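Results of the structural survey
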Amino acid sequence: VQLQASGGGLVQTGGSLRLSCTASGFDVAFNDMGWFRQSTMKEREFVAAIKWSDRRTYYGMSVKGRFSVSKENAKNTVYLQMNNLGPEDTAVYYCARHMYSSSGYYSDSQDYDYWGQGTQVTVSS
């Protein structure tokens, strides 16, 4: 099982980025998936999740209305579209597989078993 995250980079305040997370060894079509982020001196923070069964999405309060999570089963890939970025969004972003199918609760990092290596997002002011 492997998760490969990509798409990070340097962007100015107000800009956009789209992160990708490609899975191997399992199907995102049948697994709930999540995104987290971690910046220096801060705990890992829940960003977004998508339920496999109905594609229902969930977001952390700090990104709601600006970020959007989606997936493309044919490419076994999950995406995180990030709009209206600010310096507070600077972090390493991780994708992960949720262990409990369709639990409806996604903000606890302990409920995820496989993690990608992370991709750095830096937003300049």
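Okay, so let's go over this structure. Fair warning: this is a prediction, and the values are worked out from it, not measured in the lab. (Residues numbered from 1 in each chain as written. Predicted model: local features only at pLDDT ≥ 70, side-chain atom pairs only at ≥ 80, totals over all residues. Heavy atoms only, no water.)

Moving on, we come to the overall build of the chain. Across its full length, the chain holds zero helices and eleven strands. What you see in the chain, going N to C, is helices and strands ordered as β-β-β-β-β-β-β-β-β-β-β. The C-alpha atoms of the chain give a radius of gyration of 13 Å, which matches the 14 Å a tight globule of 125 residues would have. Principal axes of the C-alpha set define a box for the chain whose edges measure 40 × 25 × 25 Å. Partitioning the contacts of the chain with sequence separation of at least 6, the portion at a separation of at least 24 is 57%. About 6300 Å² of surface is accessible on the chain, with carbon and sulfur atoms providing 47% of the total. Here the chain contributes 12 positive and 11 negative side-chain charges, whose respective centroids are spaced 5 Å apart. (Helix = DSSP H or I, 4+ residues; strand = E, 2+ residues; numbered from the N terminus. Rg over C-alpha atoms; globule rule 2.2 N^0.38 Å. Contact = heavy atoms within 4.5 Å. Areas by Shrake-Rupley, 256 points an atom, 1.4 Å probe, with all protein chains shown as cover. Lys, Arg positive; Asp, Glu negative; His and termini not counted. Charge placed at Lys NZ, Arg CZ, Asp CG, Glu CD.)

Even without being glycine, Met-41 reaches a positive phi, approximately 70 degrees. Looking at where Met-41 falls in the secondary structure, it is placed in the loop between β4 (33–38) and β5 (45–50).

On to the state of the cysteines, then. One pass over the structure, following the stated rule, counts one disulfide. Here Cys-21 engages in a disulfide with Cys-95; their sulfurs sit 2.0 Å apart. Between Cys-21 and Cys-95, the S-S dihedral sits near 70 degrees, and the bridge is therefore right-handed. Of this pair, Cys-21 sits in strand β3 (residues 17–24) while Cys-95 sits in strand β9 (residues 91–98), placing them 74 residues apart in sequence. (Disulfide = S-S within 2.5 Å.)

Here the focus is the nonpolar core. Core analysis: the biggest nonpolar cluster contains 27 residues, and Trp-35, Val-47, Phe-67, Val-69, Leu-80, Met-82 and Tyr-93 have the highest contact counts within it. Breaking this core down by element, the ones donating at least two residues are β1 (2–6), β3, β4, β5, β7 (67–72), β8 (77–82), β9 and β11 (119–124). Considering each element in turn, this core owes the most residues, four residues, to β3. In contact with Met-82, other than residues within four places in its own chain, are Gly-15, Ser-16, Leu-17, Leu-19, Arg-66, Phe-67, Tyr-93 and Val-121. In this structure, Phe-46, Ala-49, Tyr-58 and Ala-96 belong to the second largest nonpolar core, which totals seven residues. (Core = buried A, V, L, I, M, F, W, Y, C linked by side-chain atoms within 4.5 Å. Buried < 20%, exposed > 50% of the residue type's maximum accessible area, 1.4 Å probe, protein only.)

Attention now moves to the side chain of Asn-76. With respect to the helices, strands and loops of the structure, Asn-76 is situated in the loop between β7 and β8. Within the structure, the side chain of Asn-76 is placed 2.8 Å from the backbone oxygen of Phe-26, a separation counted as a polar contact. (Polar contact = N/O pair within 3.5 Å; in protein donor to acceptor, adjacent residues only side chain to side chain.)

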